[in-house]
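Descriptive structure summary
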Amino acid sequence: MKTHKLPFRLAYGVLALSAGIVTHPISDWVTCSIALLISLIAVIICALRTLLPHTAWLFLFFGMLSAFLVGNGRYRLSADLLEGIENGYCTDFVQLDSRWTNTYGRYTAEVTTGDGRHWKAYGQRPDTTLEPGSVLHVSGYRSRFQAPVYPYQFDEETYYHSKGFSGKWYFDGLVLIRTQRELSLRNQIIDRIRSWPVRPATRAFYLAMITGEKEDIEAEDREAFSRSGLVHILAVSGLHVGLIVAFVNGVFFFSVFRQTEWGRWMVWAISLIALWFFVYISGSSSSVLRAAIMFSAVATARALKRKAATPEAVWLSAYLLLLINPYEVYALGFQLSFAAVFSIVYGHAFVQNWMRERYGSSKKTKVLSLLSVSFWAQLGTSPITLYHFHQFPNFFLFSNVLFLPFVPILLGLGILLTLWSGWSIPPAWLFHLVDGAVNIFNYGVHRVSNLPGSVTEGIYLSKVQAWLCLSFVVVVIIAMYQRNLKAWGLGIILLSVLPFAREGRTDAHWVHHFRENTILEIEEANGVQLYMADTTLQSAFFRQTKVWRFSRGVQSVSVSYWEFQPLEEGSENDYYAVSGDSILQQFRQSSP
């Protein structure tokens with residue numbers, strides 16, 4: 001078998017930029033000036049490479065240092081709107097940026113204050129008819145997002161900061177000042193889909209696939225797609241963008257336009273217009289922007305009659321997205337998107353080349369290629385999904401081979417119905433056709449998700465374990481390309497270290513400082529015994545510590561009332577472990 005080169009040139013800049021963003025605490029305003037200066041030096045060295053032929057490594061060093069400093073300074077510039085937020089009660093005028101939606105029993109929306117800060121708003125049954133763009137006078141308690149306290153707890157602070165929110169705001173008063181309906185094309189399309197005379201599940205399916213709005217999806221449907229390994233269908237991603245580009249190219253495939261210079265550029269322009277229009281109406285998520293930049297770069301290279309390097313397009317899109325929004329490096333969508341495409345571009349490409357050399361362009365190659373894409377995408381994203389969601393879909397290969405071929409048909413029907421309903425009322429038979437097709441598709445997904453052994457639950461990876469698994473994927477790809485036994489040995493070492501990198505306490509006694517109250521937790525053979533003075537905090541405390549308890553294998557929890565003064569150690573929403581009798585002694589001393 002032929003050896004294949006591993007394109008990795010632009011990766012150094014992306015890794016350096018990411019390192020600069022992650023190490024943001026060391027940056028200041030001077031960093032930006034230094035970064036620009038070093039960038040200029042790097043450009044000059046690049047220009048003088050013909051005069052100085054031995055500057056490749058010097059250029060690489062200056063380029064990586066420049067990217068590191070740019071990422072460091074860029075993070076600081078982006079963090080300004082997220083700093084200086086004080087917890088407290090306040091009133092202000094805000095603009096409503098989204099509709100109120102009922103999420104797990106709570107009404108949420110997005111608002112913007114006059115200083116440009118974005119807030120996640122919470123309210124008790126507000127007027128859900130309020131349209132985006134409305135100006136409101138609100139009052140309530142607003143605060144910063146909380147960093148995770150317990151192992152495996154949802155990182156609220158990182159998640160919402162990556163989406164540009166400064167904090168959260170709990171409204172207890174809301175007065176409409178001015179109604180200003182947001183007449184953006186995207187909202188018109190959302191309203192158009194929501195008015196279709198079809199089942200709610202069908203409307204939610206197309207809202208997710210076309211506009212990226214997933215709030216209308218029922219929890220049962222979301223769980224079914226997740227358990228069957230098909231949740232990526234509900235998230236607008238490179239799959240959907242690729243289908244749009246393939247459709248446009250297919251329309252002009254036999255066209256005479258491709259035979260002329262101006263015709264080739266016309267096809268290029270139409271492809272990019274359709275591509276970026278879809279990016280706009282789909283909400284411009286990380287995965288869509290990544291795919292759009294990739295396809296734009298590849299399409300431009302082909303229009304220029306140059307060889308398109310897909311791996312380099314991947315790294316280019318990552319670099320541009322991190323420059324625009326440094327917080328993307330912490331966003332789950334960004335991580336999943338690039339983990340999947342990295343595995344496909346490098347891992348699947350290697351396997352595909354091997355299959356073509358062995359089987360040619362046969363039907364067997366096409367089937368195996370589809371299996372390979374699903375396998376590598378799942379392999380690349382599994383460390384991240386296991387870290388966040390703690391479950392693995394066992395039938396993901398079967399599900400993707402069975403259902404993915406129907407996605408282009410369903411997406412095409414949805415786009416046709418959306419465009420048609422923009423000019424006139426589509427015929428009833430077309431609505432029935434679309435509704436029936438989605439209903440059958442969802443039925444199949446539910447059947448697969450309900451199969452015995454469809455998912456393995458209770459898998460808890462620490463951050464170190466997740467990084468070890470990601471490193472293993474990278475090492476495997478490098479070993480395949482270089483045919484290096486040492487790389488395979490390194491992969492085996494990484495896997496052998498996994499059991500020793502588990503996160504969490506092994507102590508049997510904990511003191512929790514939760515909402516200015518002290519809670520004692522004693523782990524026993526039959527479960528956990530909690531002692532608290534304010535038993536009204538029981539439900540909230542259970543929600544916050546649920547995943548951590550499950551990771552420890554706790555099956556039952558009992559609560560006892562015991563009034564005592566809060567302990568002095570620790571801070572709000574903190575916990576620590578004390579072994580032996582010392583914790584019981586402190587507990588008794590604190591009791592009245």
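None of these values were measured; they are calculated from a predicted model.

1. Quick notes on the overall build of the chain
Looking only at helices and strands, one finds 20 helices and 13 strands in the chain. The buried share among the 592 residues of the chain stands at 45%. The long-range share in the chain, meaning contacts at least 24 apart out of those at least 6 apart in sequence, stands at 72%. Surface exposure of the chain reaches about 31,200 Å², of which carbon and sulfur atoms provide 62%.

2. Here's the deal with the pairing of strand β5 (residues 135-143)
In the sheet, strand β1 (residues 88-96) pairs with β5 via 8 bridges, with the strands oriented antiparallel. From the neighbouring strand, valine 94 faces β5, where its bridge partner is leucine 136. Direction of pairing for β5 relative to strand β6 (residues 165-178): antiparallel, over a ladder of 9 bridges. When the sheet's bridge partners are listed, serine 139 is paired in β6 with glycine 173.

3. Description of the environment of methionine 355
One can find methionine 355 in helix α12 (residues 332-359). On a C-alpha basis, the gap between methionine 355 and lysine 366 in space is 9.4 Å, while along the polypeptide they are 11 residues apart. When near neighbours in sequence (up to four residues on either side) are disregarded, methionine 355 contacts Gly360, Thr365, Leu368 and Ser369.

4. Topic: the nonpolar core
Residues Phe205, Tyr206, Ile233 and Phe441 are the most contacted members of the largest nonpolar core, which totals 43 residues. For this core, the secondary structure elements donating two or more residues are α5 (185-194), α6 (200-211), α7 (219-227), α8 (238-251), α9 (261-281), α10 (286-303), α15 (407-423) and α16 (428-449). Not counting residues within four places of it along the chain, the set of residues in contact with tyrosine 206 comprises Ile193, Trp196, Thr211, Leu410, Leu413, Gly414, Val434 and Val438. The next biggest cluster of nonpolar side chains, apart from the first, holds 28 residues, and it includes Ala318, Val345, Tyr346 and Tyr481.

5. Re the packing of α9 against α10
For any two helices packed against each other, one specifies the crossing angle of their axes together with the interaxial distance. Across the interface, α9 lies against α10 with an axial gap of 10 Å and an inter-helix angle of 175°. Comparing their axes, α10 and α9 come out roughly antiparallel. Where α9 approaches α10, its residues Arg264, Trp265, Trp268, Leu272, Leu275, Trp276 and Val279 are matched on the opposing element by Val288, Leu289, Ala292, Ile293, Phe295, Ser296, Ala299, Thr300, Arg302 and Ala303. Class assignment of the residues belonging to the contact of α9 with α10 gives a composition of 13 nonpolar, 2 polar and 2 charged.

6. Looking at a nonpolar patch on the surface
A cluster of nonpolar side chains, namely Tyr89, Tyr141 and Tyr170, defines an oily patch on the protein surface of about 330 Å² accessible area. Its place among the elements puts tyrosine 89 in strand β1.

7. Considerations on unusual backbone geometry
Phi is positive for histidine 390, close to 60°, though the residue is something other than glycine. Here histidine 390 shows up in the loop between α13 (363-389) and β7 (391-393). Among the residues examined, histidine 390 registers a relative accessible area of 9% and is labelled buried.

8. Digging into the packing of aromatic side chains
Within the structure shown, the criterion is met by 18 aromatic pairs. Here the aromatic rings of phenylalanine 145 and tyrosine 160 are separated by 4.8 Å at their centres, their planes lie at 15°, and the arrangement is stacked. One end of the pair, phenylalanine 145, is in the loop between β5 and α4 (156-162); the other, tyrosine 160, is in helix α4, with 15 residues separating them in the sequence. Across the pair, tyrosine 160 and phenylalanine 145 agree in class, each one buried. Three or more aromatic residues link up through ring pairs in this structure, and these residues are Trp196, Phe205, Tyr206, Phe225, Phe403, Phe431 and Phe441. The ring of tryptophan 169 has arginine 142 lying over it, and the distance from NZ or CZ to the ring centre is 4.8 Å.

9. Details of the confidence of the model for the chain
The predicted model of the chain has a mean per-residue pLDDT of 76, with 77% of residues at 70 or higher. Averaged pLDDT values for the elements of the chain fall to 58 in helix α20 (residues 582-590) and rise to 91 in α16.

10. Remarks on helix α14 (residues 396-403)
Within α14 the residues assigned to the buried category are Phe396, Ser399, Asn400 and Phe403. On an axial view of α14, the arc spanned by its buried residues comes to 95°, and they lie on one face. Residues of α14 that are buried in the fold lie against α13, β7, α15 and α16.

11. As for the pattern of salt bridges
Overall, the coordinates contain 4 salt bridges when judged by the stated rule. Among the ionic pairs, arginine 117 bridges to aspartate 115, the shortest N-O distance being 3.1 Å. For arginine 199, the salt bridge goes to aspartate 435, with nearest N and O atoms at 3.1 Å. Placement of the pair is arginine 199 in the loop between α5 and α6 and aspartate 435 in helix α16, with a sequence separation of 236 residues. A relative accessible area of 10% places aspartate 435 in the buried class.

12. Considerations on empty space enclosed by the protein
For the structure on display, the rule yields 2 cavities of 30 Å³ or more. Lining the largest cavity we find Ala201, Ala204, Phe205, Ile217, Glu218, Asp221, Phe225, Leu234 and Asn442. Contributing elements (two or more residues each) for the lining of the largest cavity: α6 and α7. When residues in the lining of the largest cavity are grouped by element, the largest group, 3 residues, is from α6. When its residues are assigned to classes, the lining of the largest cavity shows 6 nonpolar, 1 polar and 2 charged.

13. Quick word on α7
Taken residue by residue, α7 has Asp221, Ala224 and Phe225 as its buried positions. Angularly, the buried residues of α7 cover 95° about the axis, an arc narrow enough to put them on a single face. On the buried face of α7, the contacting elements are α6 and α16. Of the residues flanking the end of α7, it is glycine 229, one or two places downstream, whose phi is positive at about 80°.

14. Quick notes on the environment of tryptophan 354
By the element assignment, tryptophan 354 lies in helix α12. The class of tryptophan 354 is partly exposed, set by a relative accessible area of 34%.

15. Details of the side chain of glutamate 328
With respect to the element layout, glutamate 328 can be found in the loop between α11 (310-324) and α12. Beyond its immediate sequence surroundings of up to four residues, glutamate 328 is in contact with Ser286, Leu321, Leu322 and Phe334.

16. Brief notes about the pairing of β1
Here β1 runs beside strand β3 (residues 106-113); their pairing, made up of 3 bridges, is antiparallel. Along β3, the bridge assignment pairs leucine 96 with valine 111.

Criteria and thresholds
- Residues numbered from 1 in each chain as written.
- Predicted model: local features only at pLDDT ≥ 70, side-chain atom pairs only at ≥ 80, totals over all residues.
- Heavy atoms only, no water.
- Helix = DSSP H or I, 4+ residues; strand = E, 2+ residues; numbered from the N terminus.
- Buried < 20%, exposed > 50% of the residue type's maximum accessible area, 1.4 Å probe, protein only.
- Contact = heavy atoms within 4.5 Å.
- Areas by Shrake-Rupley, 256 points an atom, 1.4 Å probe, with all protein chains shown as cover.
- Pairing = 2+ DSSP bridges.
- Core = buried A, V, L, I, M, F, W, Y, C linked by side-chain atoms within 4.5 Å.
- Axes fitted to C-alpha atoms, helices over the stretch in contact; angles between N-to-C directions.
- Parallel < 35°, antiparallel > 145°, perpendicular 65-115°, else oblique.
- Nonpolar A, V, L, I, M, F, W, Y, C, P; charged D, E, K, R; others polar.
- Patch = residues over 30% accessible without salt bridge, like charges linked within 9 Å, V, L, I, M, F, W, Y side chains within 5 Å.
- Salt bridge = Lys/Arg side-chain N within 4 Å of Asp/Glu carboxyl O.
- Phe/Tyr/Trp six-rings, centres within 6.5 Å; stacked < 30°, edge-to-face > 60°.
- Lys NZ or Arg CZ within 6 Å of the ring centre and 35° of its normal.
- pLDDT = per-residue confidence, 0-100.
- Arc of directions from axis to C-beta.
- 1 Å grid on protein atoms, 1.4 Å probe; cavity = no way out; pocket = protein on both sides within 12 Å on 5 of 7 lines; lining within 4 Å.
- Points joined across faces, edges and corners; volume = space filled by probe spheres on them.

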